[in-house]
Amino acid sequence: LFNAFDARRMMMASSSSSVSGSALLLARLNGYHLNRYYYYSNKNTTTYTLSRGARTTRAFSGKSTSSSSAPASSDLEAVNDDGDESDDGIERIKRNAGRESAEVIVALGKFDAMHRGHKALAAAAATLSKDNTKSTSKKVKQQAVLLSFENMAEVLGWKPKKPVTAKRDRGRVLKEWSEELVALDGVEESDSDCYSIREHGVPFASIREMSPERFVKTLKERLGVAGVVAGENYRFGYRASGSAEDLVSFGEKYGLRVKIVSLLDADKLGAEACDNDGCKGEQVSSSRVRACLKFGDVDAVTKLLGRNHRLCLEKIIATDGEKETMDDDENFVAYKSENITPKAGDYEGFLVVSSSSPLSSDDDDVGEEKRLPVRCKIVENGNKDDEDDGYVLLPRSAFSPSSDSNTLLAFDIERRL
C-alpha cells in the first residue's frame, strides 16, 4: 500500500534539513529512488524528488545544510544516485537498416510546426559529420535524428493543443527535407540514404529533473549520440538552466561534437498576427506559425513553413449540437482535422488523396498522392476553448461515387479567398 504520497508525507514529517532514514528505507524497499538537487541560484535550496521509473513527484523542499559552493560548470547539479534507469522509457536511438554503424547526430527542439528553422537544424544534423571530414578522405556514415520530448504538456499540466503538423504527415515532410539535401549534394542514388532524417522521442518525465550536465551525459551514454545540433536560444536541463554555451562546454567534456545554429529571421512575416496574438520574438517559430493560422494569414504560414499547410482529415458524423455550427448546405462533407485549422473562412487549395498506410516518421514509403484542386470552407466548432479546432467542409463534387474507407485525405491550403 506504500505509494508516493506516503513517502512524501513521511519526508515532510522529517526535519527541514534532512530526510529520515526510515522514510528513505521504505521508499527504497518499494521501488522508489530519492534524488537530491542543490539549486544554488535559489539561496541553496535543496529539492528532493521521488522517482519510480519514469514517474517523478516533487517530495520535499527546504534550506540546504550543505556548505558547498556552486560549481563553475553549472548553476544546477544533481547529486546522490541517478535513480532506476531500467524502466524510465529512455531508449537507445536506432539507425536505419544498413546503417547500424552510423554515427547518430541529433537536432534538439520541439519540432511542432516543422518550419524552416527546424529544417535548418535537420540539415545541420544531416551534414555535421561530413563537415568534420571535408579535409580528409575518410567517409563517416551518419544518421540524423530529430530528438524531442514526449508528453511534456501532460507532465507540466499545460492545456492540450493540436499540433501544427499532423503526426501522420511528419514522415512526408522529413522525406522532402532529405530529398532536397540529396539533390543539393548530387550524391549517387545508391548513397541517397546518407541524408535520411528520422525522429526519436524521449519521455519528458524521465529527463525533467536532470541537470544540464547529466542530460548531455545521457545523450552520450544512453542514447548513443555522437553529435548535437541546437538553436542559439536552446535551453535544457532542470528548470531550463542550461544554455547553448553550456551545451558546447558539456559536449566537449563528454566527447560530443556540438554545432549551434543561428536563429532564422522571420523578416516580419505575420507581424500583424503576432501583435494580435502576443507572440514574442523576431525569428521563425512554431508560435509565430500558430499566430498566423489563428489570424488567417496563410500566405505567411506558407513562407514560414516552406510549404503549404496541410490539414490531415478524418470524416465525422455530426451530432445535432455540432450540426448547428456547420453550414447547412448538403453539397459539403464535414471533416475534422488532426492538426490545427486556420481562421474560419473560405480557402482554395488541393484535396490530397493518398494510400491507406498512415504516414509516420518511421515509414519510408509515404505512398502515392493524387491532388485535386478544390475550394473548402472552415467553420468554427462553437467551442471557445478550442479555437484551433474548426470543421473542414469539402464539396461532395470532389469525391468519386465509390468510397474507400482506407483512403487518407488531406487538404493543402494555397490561399484564403
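Residues numbered from 1 in each chain as written. Predicted model: local features only at pLDDT ≥ 70, side-chain atom pairs only at ≥ 80, totals over all residues. Heavy atoms only, no water.

(A) Representation of the overall build of the protein within the structure. Scanning the protein for helices and strands turns up twelve helices and 15 strands. By the burial criterion, 48% of the 417 residues in the protein qualify as buried. For the protein, the share of sequence-separated contacts (at least 6 apart) that also reach a separation of at least 24 residues comes to 72%. Per element, the accessible surface of the protein, about 21500 Å² overall, is 46% carbon and sulfur. (Helix = DSSP H or I, 4+ residues; strand = E, 2+ residues; numbered from the N terminus. Buried < 20%, exposed > 50% of the residue type's maximum accessible area, 1.4 Å probe, protein only. Contact = heavy atoms within 4.5 Å. Areas by Shrake-Rupley, 256 points an atom, 1.4 Å probe, with all protein chains shown as cover.)

(B) The sheet that holds strand β8 (residues 225–231), seen in detail. Spatially, the five strands line up as an open sheet ordered β7-β6-β5-β8-β9, and their pairing is parallel. Whereas interior strands pair on both sides, the edge strands pair on one side only; in this sheet they are β7 (197–203) and β9 (257–261). Taken pair by pair, the neighbouring strands of this sheet meet at an average axis angle of 25°, ignoring direction. Here strand β5 (residues 103–108) runs beside β8; their pairing, made up of four bridges, is parallel. Paired with A107 across the bridge in β8 is V229. In this fold helix α5 (residues 170–185) packs onto β6 (142–150) and β7, with an angle of close to 135° to the strand it touches most, β7. Strand contacts of helix α7 (residues 212–221): β5, β6 and β8, with the helix running at about 135° to β8, the strand carrying the most contacts. (Pairing = 2+ DSSP bridges. Axes fitted to C-alpha atoms, helices over the stretch in contact; angles between N-to-C directions.)

(C) Structural view of the pattern of salt bridges. Inspection of the entire model under this criterion finds 15 salt bridges. E180 serves as the salt-bridge partner of K119, at 2.7 Å between the closest nitrogen and oxygen. Taken together, the residues span a long stretch of sequence, with K119 in helix α3 (residues 116–131) and E180 in helix α5 at a distance of 61 residues. With relative accessibility at 36%, the residue E180 sits in the partly exposed group. Among the ionic pairs, D277 bridges to K294, the shortest N-O distance being 3.3 Å. Of this pair, D277 sits in helix α9 (residues 271–277) while K294 sits in helix α10 (residues 286–295), and the two are 17 residues apart along the sequence. (Salt bridge = Lys/Arg side-chain N within 4 Å of Asp/Glu carboxyl O.)

(D) Up close: α5. Taking 1.5 Å per residue as the helical rise, α5 with its 16 residues ought to reach 22 Å, and the 23 Å between its terminal C-alpha atoms agrees with that figure. Along α5, the residues classified as buried are R170, G171, R172, V173, L174, W177, S178, L181 and V182. One or two steps after α5, the chain reaches G186, where phi turns positive at roughly 65°. (Expected span 1.5 Å × (residues − 1).)

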